[in-house]
Amino acid sequence: MMKGQLLTALMVGTALTAAVPAWAQDVPGMRPAPDEPAAPAEAAMPEAQVEPPAPDAPAAMSDPQSSDIVVIGSRGKPRTDVDRPVAVDVVSNVELRATGQTDLGQQIQFTSPSFNSAKYGVNGATNFADPASLRGLAPDQVLVLVNGKRRHQFSAINLNVAPGLGTVVTDLNSIPTGAVKRTEVLRDGAAAQYGSDAIAGVVNIVLNDQVGGYLEANGGIYQEGDGFTNKISLNHGIALGSGGGFINYTLEYFGFEGTNRSDTYTGTLYPATPADYALTGPTPNFPYSTANPRADRGVYPQTPFVVGNYGANRNRTYQAFVNASYPVNDDTNIYAFGGYSRKDIRAFGFFRSAAVASNAALGIFPDGYVPVLPGTSIDWSAVGGVNSVVADWKVDFSVGYGDNHLDQNARNTVNASLGNASPTEFYVGRTAFNQWTVDLNASKDFGPVGFIGKSLNIAWGGQYRRDNFIVKRGDPASYAVGPLAVTGKAPGANGRPGYAPADENDVSRHSVGAYVDAEAEFDDRLLVTAALRFEKYSDFGNNLSGKLAGRYKITDQIALRGSYNRGFRAPSLQQTGNRVNTSTVQNNQILITQQVSSDDPRLAALGVPDPKAEISNSYSLGITGDLPDVLGGKVTATIDAFQIDIKDRIVITEGLLTAQYPAVRALFPQSREIRFFTNQIDTRTRGIDVVLTYKTQIGSDQNLTLTLAGTHAQTDVLRQRATPAPILAGASATAQQIQLLGQTATELIEVAQPRTKILGSANYGWDKLNLGLRASYFGSVKAFSTGLSSQDKNVKCDATNRCVQTFRGKALFDATLNYAFTESFSLTVGANNIFNTYPDKWKNRRDGDVGQAASYSDGQTPYTRNANQFGFNGSYYFITAGVKF
């Protein structure tokens, strides 16, 4: 069945990528190699240490062919297509820019088939850092490197009902696109080489090292007339001395005005008019001078009208990045890289109707209100190191630091429990995460050794890492439980309650790791690589990972490859140290929903074990072909099948209502419910990746490249641990049936991301003109909502009438046209999503359906927040001017 789905998606997605501008083809480091595909290509990632150019080769890293010859998975010599034992997508900066996307995460989304990322609205931490995943796994099961060095994570955790629930992302959009030379996406487990998190694979961002300058100005707008975008990016490299040193810097500004795709509102606006209104006039619960407030007060005068604000968030981003290297002598280089990013994001909450008493402060917002939820994310990093040759060993030593903090606010809202005395602006608080890393790596090629007839490369090294997670409180009004709470008024800033003193935390851990890596090339046909890595964490203990991979050439053009990986992922401090509480009222009593941090001794009393590392066993088997004479051109093909088994996967539990569990209530008497992180489930992911590229020359001045790249991956929850007996003690028979990972959370893992994704492209170049066409197919996703009806063909209900809607797979089509007016100036015009394709909406009565999804939210969120497909903003048109100097 999986193969049939893939073939269907391949046919749907056949087409078309963005053009490589002719003017950029002469810019060092800005052009694909002659034999490099212009869309997702197979290549191999650089080793953990990225060496600066040799002293006698000042442009070594800027060589356009270098993006096709790199190293990942072992620390041996660079290799190309058919020689590689593992699968990697390599995409140049020209190809990334040509997508017309303005941030790095979306550029990779539309150039690498195994990578998925989507924009969210009204969705907690995902408003500030896009969740990104590889092969359908969780965002924190992919490791991100910059120049081969571990990148720190975002500080806030995703606690909304969306893919990646309970996980932490690495914010790719904190890296300016102008600073990127190429991206490399390893589609293979690599924890034995790089440590924790590399279960699904690795994304490596290689920074620009070119000498010379490039200035780009971009503007765009959506067909709906909103979402105006402007971006200015300057990248400039300066040679340092005559031995190949350089300093390359990037300055970038990005502005986006936001979009709104809410439907017209179908809910109530005001409290029901009191029956005795004519006799008594306004009342405290109906403080209006008219029985028809909307009409007589001129509120929402148009019919129909929109109250929600559901779309891509307004964004102001300011970024600077530096990449530098300097050769001290023929054998030694010092290097440094890092940068600063500030993102000011304006997000929104749901409309708070004046008719809902718990949220209302009628003396302040008599017509209801939409909370405005801005936040500022500050992200910075610095890495410095030296690599040298010591006793014939290539040695690299580096120290790195990374930091992210997110300050959140709430405006145009109230703390309803304070009544009309409530402020309307609040500082919610701060989450912060920082990381120190110290790396030592060494490698040596011993040449032929015994029965290893061609070469034996040995590498070894180690890493020290310190992580620190911090939560700081907001202002008192943001978390206050006011005097009206006992009457049912919601405490805390509505839309985003503040972090209270009890939520504050400052927790750290450290880890040390050591690895050994070997690559043996027995002859021209057989290559075998192996690695072992031992790590010790201060908070959960030890782990041993391993990898074995190989490649065998059947002919000079065709090879088989395969790998086995035993990997791991350490629980993040953002998971184990999170203890944010929210207050609610039940039966006139103030109760608390409590996120319990893993170090709370009460969890042990309930039989909940301390978190430990997730363990993965992954397998891959593939075939590669490099055929130079097919239909007058060259065809490159790779097919890789894989399976990833994860044991003891860490998840956030369902909320346990203390009223239903006497043992829980005894330990948490003031909490309405509790939830926590635990190693609850085992999962299995199976899939196949296919990449096909055709290149040909047409006459003396025309060329054509066709690419088709697709993936199909399916994740299943194989088993779930039993709920600990101490939790269930004294509970009713119904309550004892609870599973700590509920059905909705299971669906977020299994069906909320597209299982199939296909990228097709065609690139045609003729003299100064380039035309690029691209098609991107995203498979179906599913999400649960109450209010659905089984009479709809896209809704499936079980025996308990619990219904799940399927949002169909769809294809998007893009086009770009580039013309080089001079060697220095080029202009590109383009359109993304030409046919204005949107995802399916939640089922609603406007469409004539029998049922209406509660998640439609009376029109506020017509497109699901609970699945990740391809966004919901429609056609986008842009123009880009580029100048090289």
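Conventions adopted
- Residues numbered from 1 in each chain as written.
- Predicted model: local features only at pLDDT ≥ 70, side-chain atom pairs only at ≥ 80, totals over all residues.
- Heavy atoms only, no water.
- Salt bridge = Lys/Arg side-chain N within 4 Å of Asp/Glu carboxyl O.
- Helix = DSSP H or I, 4+ residues; strand = E, 2+ residues; numbered from the N terminus.
- Buried < 20%, exposed > 50% of the residue type's maximum accessible area, 1.4 Å probe, protein only.
- Phe/Tyr/Trp six-rings, centres within 6.5 Å; stacked < 30°, edge-to-face > 60°.
- Lys NZ or Arg CZ within 6 Å of the ring centre and 35° of its normal.
- Contact = heavy atoms within 4.5 Å.

**Description of the pattern of salt bridges**
Part 1 of the reasoning: As enumerated under the stated definition, the model contains 43 salt bridges in all.
Part 2 of the reasoning: Across the pair Lys612 and Asp648 runs a salt bridge whose closest N-O atoms are separated by 3.4 Å. Within this pair, whereas Lys612 is found in the loop between α9 (601-605) and β24 (614-630), its partner Asp648 is found in strand β25 (residues 633-652), the two being separated by 36 residues in sequence.
Part 3 of the reasoning: Using a relative accessible area of 7% as the deciding quantity, one classes Asp648 as buried.
Part 4 of the reasoning: Through salt bridges that share partners, Lys612, Asp648, Asp682, Arg719 and Arg721 make up one connected network.

**Description of the packing of aromatic side chains**
Part 1 of the reasoning: For the coordinates displayed, the defined rule picks out 27 aromatic pairs.
Part 2 of the reasoning: Aromatic side chains Tyr537 and Phe540 sit 4.8 Å apart centroid to centroid with 25° between the ring planes, which places their arrangement in the stacked category.
Part 3 of the reasoning: Taking relative accessible area as the criterion, Tyr537 reaches 3% and is therefore assigned buried.
Part 4 of the reasoning: Note on Tyr537 and Phe568: the rings are 6.2 Å apart at their centroids and 80° apart in plane angle, and the pair reads as edge-to-face. A residue pair is termed long-range when its members are at least 10 positions apart, and Tyr537 in strand β19 (residues 526-537) and Phe568 in strand β21 (residues 558-569) qualify at 31 residues.
Part 5 of the reasoning: Members of the aromatic cluster, joined through ring pairs, are Tyr222, Phe256, Tyr876 and Phe878.
Part 6 of the reasoning: Above the ring of Phe642, the side-chain terminus of Arg135 is found at 3.7 Å from the ring centroid.

**Things to note about unusual backbone geometry**
Part 1 of the reasoning: In this structure, the amide linkage connecting Thr303 to the following residue, Pro304, adopts the cis form with an omega of 0°.
Part 2 of the reasoning: Following the sequence through the fold, Pro304 ends up in the loop between α6 (293-297) and β12 (314-327).
Part 3 of the reasoning: Within the chain, Asp197 stands out as a residue other than glycine whose phi angle is a positive 90°.
Part 4 of the reasoning: Judged by its relative accessible area of 10%, Asp197 falls in the buried class.
Part 5 of the reasoning: Positioned with a positive phi, Leu631 is a non-glycine residue whose angle comes to about 50°.
Part 6 of the reasoning: Structurally, the position occupied by Leu631 is in the loop between β24 and β25.

**Regarding the environment of Ile834**
Part 1 of the reasoning: Looking at where Ile834 falls in the secondary structure, it is placed in the loop between β36 (825-832) and β37 (876-884).
Part 2 of the reasoning: The sequence separation of Ile834 and Gln223 amounts to 611 residues, and the corresponding C-alpha distance is 9.7 Å.
Part 3 of the reasoning: Contact partners of Ile834, with chain neighbours within four places excluded, come to Phe813, Asp814, Ala815 and Ser875.

**Some remarks on the environment of Ile650**
Part 1 of the reasoning: When you line up the elements, Ile650 lands in strand β25.
Part 2 of the reasoning: Under the relative-accessibility criterion, Ile650 is labelled buried at 7%.
Part 3 of the reasoning: Residues Ile650 and Ala570, 80 residues apart in the sequence, show an inter-C-alpha distance of 9.3 Å.

Function-wise, these values are silent; they only describe arrangement.
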